[in-house]
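Read off the chains here:
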Amino acid sequence: VQLQASGGGLVQAGGSLRLSCAASGRTFSNYGMYWLRQAPGKEREFVAVVTSGGSTYYRDSVKGRFTISRDNAKNTVYLQMNSLKPEDTAVYYCAAARGVFTTARGRYDYWGQGTQVTVSS
């Protein structure tokens, strides 16, 4: 599985962005799909996951603001980010794994390149 993330950019606080991650490969639907992020000088952290069965989990700080979804017909996972805050500024990565984790230390099988999200105050 190859992953290609897109959709990052510069947005003012309170604004919205939608990230996309397009996957190649016929087994996309078998994987949990993740978004993680890494801010400058900080460790990479888990943001959200949508499992192969469609369940979703989020880190506490984004609950109610971010929504992860997947379209298996398009081999794409999305992260809709609303009410963005300056502390959401980071490079966002998509990843795929057969397991289900809510930590950046999980055993991720595939990674996409990052996309920069910058939220100005």
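Not measured: the values here are computed from a predicted model.

All right, on to the state of the cysteines then. Here the structure, examined in full by the defined rule, presents 1 disulfide. Residue pairing for Cys21: its cysteine sulfur links by disulfide to Cys94, the two sulfurs lying 2.1 Å apart. A torsion of 60° about the S-S bond marks the disulfide between Cys21 and Cys94 as right-handed. With Cys21 in strand β3 (residues 17–24) and Cys94 in strand β9 (residues 90–97), the pair connects residues that are 73 residues apart, well separated along the chain.

Going through the model one piece at a time under the given rule, you end up with 7 aromatic pairs. Measuring from centroid to centroid gives 5.8 Å for Tyr34 and Phe101, while their planes differ by 25°, and the two rings are stacked. A residue pair is termed long-range when its members are at least 10 positions apart, and Tyr34 in strand β4 (residues 32–38) and Phe101 in the loop between β9 and β10 (110–111) qualify at 67 residues. The same class applies to Tyr34 as to Phe101, namely buried. Through a chain of ring-to-ring contacts, the aromatic side chains of Tyr34, Phe46, Tyr93, Phe101, Tyr108 and Trp111 assemble into a single cluster. Cation over ring: Arg98 sits above Tyr31, and NZ or CZ is 4.5 Å from the ring centre.

Parameters and conventions
Think of each chain on its own: its residues are numbered from 1, step by step along the sequence as written. At least 70 in pLDDT is required for a residue's local features to be given in this predicted model, at least 80 for side-chain atom pairs to be given and counted, and no such filter applies to totals for whole chains, interfaces and linings, which use all residues. Heavy atoms throughout the structure, all of them, feed into the side-chain values; hydrogens and water do not. By definition, disulfides here are pairs of cysteine sulfur atoms that lie within 2.5 Å. A run of H or I in DSSP becomes a helix once it reaches four residues, and a run of E becomes a strand once it reaches two; helices and strands are each numbered from the N terminus. Under the pairing criterion, centres of Phe, Tyr and Trp rings, with the six-membered ring standing for Trp, must be within 6.5 Å; the plane angle then separates stacked pairs below 30 degrees from edge-to-face pairs above 60, leaving the rest tilted. For the exposure calls, accessible area comes from a 1.4 Å probe over protein chains only, and a residue counts as buried if that area is under 20% of its type's maximum, exposed if over 50%, partly exposed in between. A positively charged side chain is recorded as over a ring if its NZ (Lys) or CZ (Arg) lies within 6 Å of the ring centre. The angle to the ring normal must also be within 35 degrees.

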